[in-house]
Amino acid sequence: MDLRIFIVKRLLLMLLTLLVLMTITFILFRIAPGDPVASMVSASLNPGARESLTRSFGLDKPMHIQYLLYLKNFLRGDMGQSFYYRLPVTQVLRPKLVNTLVLVGPATLIALIMGVLLGALTAARRAGKLDLFGTVIPLAIKAVPPFWTSMIALLIFSYRLDWFPSAGLRSPGHAADPILEKLLNADFFHHLALPLTILTLHFLAQPLLTMRNSMLDVQGEDFVEMARAKGIGERRVIYHHWIRNALLPVASIAPLMIGAIVGGQVLVETVFSWPGLGREMVSAINGYDYPVAQASFLIIGAVMIGMNLVADIAYAVLDPRVRLE
């Protein structure tokens, strides 16, 4: 199959998946127990005022009409208005998305770099102490739920040792208007350190083990043995022949890893009270703020689906056999 046809088919499948995701989240929020109007007003409010508020949210219409309006507005770039903030959803979520990217971006980059380096070292020293500790410890951290690790880290490093702040993006009273001043200062990095470390450790195992296994597979290839037979130094064999060819599987899983981190940061943001997209989504669900919750789910889902698409294309480029029907 031609690569262009392969990409078009994957794009159409991605769009269909997004439509299914939008439909499911729309239905789930509306059939779930609870009433967004009741959560915002007192029981003594005039029934007429309650009905007026319900109409202003568009909740008085049948569900299928609400769904068609939702799709129509979405196609125009309108994701609705927040029930709680009374602001456009895009305006509410834009700064939250930036805060999430600030956390997820460095975590992804550090996990990939450390995973590749540790995977190469453990493969080069197979069956040694470094191989044992370098694989067992990341796997053990990966097996533990991130919210548990986050709470233990808070207990030790925030409440017992008082090394790091326990919550938030900045200290109370710390004001900074331009975005660069908000992100490039010591107070911000002090708050970022602990959640960034937890998120990085939880996603370190995948690139590490992928690189290690790929290195071990490449180790017995003819071109590696040929390089050694030519008298090339072992270090050069490792870096120029062994590692370079073992990096291909890591490059193909990197998009999947980004999608997993974006989806997995919700619990970490909630525990550390990080004002990102994941924490806002949890707050919107608890407060029956349908538009914000739907948009948050859609953004996270779109990133994960998009990264799967990138991974599929990367596989197709690196190995044309996956394009065969």
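Just so we're clear, the structure is a prediction, and the values are computed from it rather than from any experiment.

Parameters and conventions
- Residues numbered from 1 in each chain as written.
- Predicted model: local features only at pLDDT ≥ 70, side-chain atom pairs only at ≥ 80, totals over all residues.
- Heavy atoms only, no water.
- Helix = DSSP H or I, 4+ residues; strand = E, 2+ residues; numbered from the N terminus.
- Buried < 20%, exposed > 50% of the residue type's maximum accessible area, 1.4 Å probe, protein only.
- Contact = heavy atoms within 4.5 Å.
- pLDDT = per-residue confidence, 0-100.

## Some details on the environment of Phe26
Along the chain, the position of Phe26 falls in helix α1 (residues 3-31). The class for Phe26 is buried, based on a relative accessible area of 2%. Leave out the neighbours within four places in its chain, and Phe26 touches Met63, Gln66, Tyr67, Tyr70 and Gln294.

## Some details on the confidence of the model for the protein chain
Averaged over all residues, the pLDDT of the protein chain is 78; the fraction at 70 or higher stands at 78%. When the elements of the protein chain are averaged for pLDDT, helix α7 (residues 179-183) gives the smallest value, 60, and helix α6 (residues 146-160) the largest, 86.

## Examining unusual backbone geometry
Of note in the backbone geometry, Asp162 takes a positive phi value of approximately 60° without being a glycine. Considering the arrangement of structural elements, one finds Asp162 in the loop between α6 and α7. Of the residues examined, Asp162 reaches a relative accessible area of 62% and is grouped as exposed. For Ser273, which is not glycine, the phi torsion reads 50° and is therefore positive. Here Ser273 shows up in the loop between α11 (234-271) and α12 (277-286).

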